[in-house]
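These are the residues of each chain, in order.
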Amino acid sequence: MSVDLLLTDYHTAWRQLIEKERDYQHRAAVQTYGEPELRRLQQAGSEVLQRSASALAFRNVTGLLPHQMIEEGDQDRERREALRQQRRREKIQQKVQQEVSAKEQQVRSELRQEGAQLRRLRKELQTQWASDRAREGPQPAKAASCFRPDLGKLDLRPIPDPPKRFVAQVAVNNTGLRSYLMM
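Computed from a prediction, not measured in an experiment: that's the story for all the values here.

(A) Region of the structure containing the overall build of the chain. Counting secondary structure elements, the chain contains six helices and two strands. Ordering the α and β elements of the chain from the N terminus gives α-α-α-α-α-α-β-β.

(B) Quick peek at the confidence of the model for the chain. For the chain, per-residue confidence averages 78 on the pLDDT scale, and residues scoring 70 or more make up 77% of the total. Within the chain, no element has a lower average pLDDT than helix H3 (residues 47–50), which sits at 52, and none a higher one than helix H6 (residues 74–136), at 88.

(C) Quick peek at the pairing of strand S1 (residues 167–172). Taken together, the five bridges between S1 and strand S2 (residues 178–182) define a ladder with antiparallel strand orientation. Counterpart to Ala 171 in the pairing with S2 is Ser 179. Counted along the chain from S1 to the antiparallel partner S2, the turn is five residues long, and its residue Gly 176 has a positive phi close to 90°.

(D) Highlighting a nonpolar patch on the surface. A grouping of Val 167, Val 170, Val 172, Tyr 180 and Met 182 is seen on the molecular surface, where their side chains present a nonpolar patch of about 460 Å² in accessible area. Among the secondary structure elements, those contributing two or more residues to the nonpolar patch are S1 and S2. Top element by residues in the nonpolar patch is S1. It accounts for three residues. Tracing the sequence through the fold places Val 167 in strand S1.

(E) Structural detail: the pattern of salt bridges. For the coordinates displayed, the defined rule picks out four salt bridges. Between Arg 15 and Glu 81 there is a salt bridge, and its shortest N-O distance comes to 3.9 Å. Taken together, the residues Arg 15 in helix H1 (residues 3–33) and Glu 81 in helix H6 connect sequence positions 66 residues apart. Glu 104 is the partner of Arg 108 in a salt bridge, and the nearest nitrogen-oxygen pair spans 2.9 Å. You can see Arg 108 and its partner Glu 104 sitting in helix H6, four residues apart, about one turn around the helix. Judged by its relative accessible area of 47%, Arg 108 falls in the partly exposed class. Take Glu 104: its relative accessible area is 40%, and that puts it in the partly exposed class. What emerges from the salt-bridge pattern is a single network uniting Arg 15, Glu 81 and Arg 84.

(F) Layout of the environment of Phe 166. Considering the arrangement of structural elements, one finds Phe 166 in the loop between H6 and S1. In the structure, Phe 166 is positioned 15 residues away from Leu 181 in sequence and 8.5 Å away in space, judged by C-alpha atoms. Not counting residues within four places of it along the chain, the set of residues in contact with Phe 166 comprises Leu 181, Met 182 and Met 183.

(G) Main features of the side chain of Arg 84. Its place among the elements puts Arg 84 in helix H6. Residue classification places Arg 84 among the buried positions, given a relative accessible area of 8%. Engagement of the side chain of Arg 84 in a polar contact is seen with the side chain of Glu 81, the distance being 2.5 Å.

Definitions and cut-offs
- Residues numbered from 1 in each chain as written.
- Predicted model: local features only at pLDDT ≥ 70, side-chain atom pairs only at ≥ 80, totals over all residues.
- Heavy atoms only, no water.
- Helix = DSSP H or I, 4+ residues; strand = E, 2+ residues; numbered from the N terminus.
- pLDDT = per-residue confidence, 0-100.
- Pairing = 2+ DSSP bridges.
- Patch = residues over 30% accessible without salt bridge, like charges linked within 9 Å, V, L, I, M, F, W, Y side chains within 5 Å.
- Areas by Shrake-Rupley, 256 points an atom, 1.4 Å probe, with all protein chains shown as cover.
- Salt bridge = Lys/Arg side-chain N within 4 Å of Asp/Glu carboxyl O.
- Buried < 20%, exposed > 50% of the residue type's maximum accessible area, 1.4 Å probe, protein only.
- Contact = heavy atoms within 4.5 Å.
- Polar contact = N/O pair within 3.5 Å; in protein donor to acceptor, adjacent residues only side chain to side chain.

In structure tokens:
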């Protein structure tokens, strides 16, 4: 799963959790104090809401407190949503770049280690070959060998006459078609 989708899913789940918590707190406040008392508390100021941990978390995500979010116009909401999405894309891009650079550094270090090991093994092999050659001493030159037939045992016969029909020439054209000249 890509980091892009994973971060988007986490963010969506977190926002839904905050909305559920806000709704639950609102219902609990309405049951406890009643609707008129709740309105009076909301009008008293944002000090009460700012002390709430969920309101602060909501403000960190949206940039507004819950009661300000309700009063906000559609244009401001669209603008904030566009800015939020742009920040999210930038964060995701930054995370991906960090992961890619970390992976690249890891691969480069592995390549350096493998190269050093290969050079070390090559030197060991060369020293092993040199020590083997030194132990054996100089190698004597081998006698030259070539084929020399023993003509005394060779039975010479005359070349037989060619049959009545034999292939004298083979021609191959560009398409691979072969033609034979028979004699």
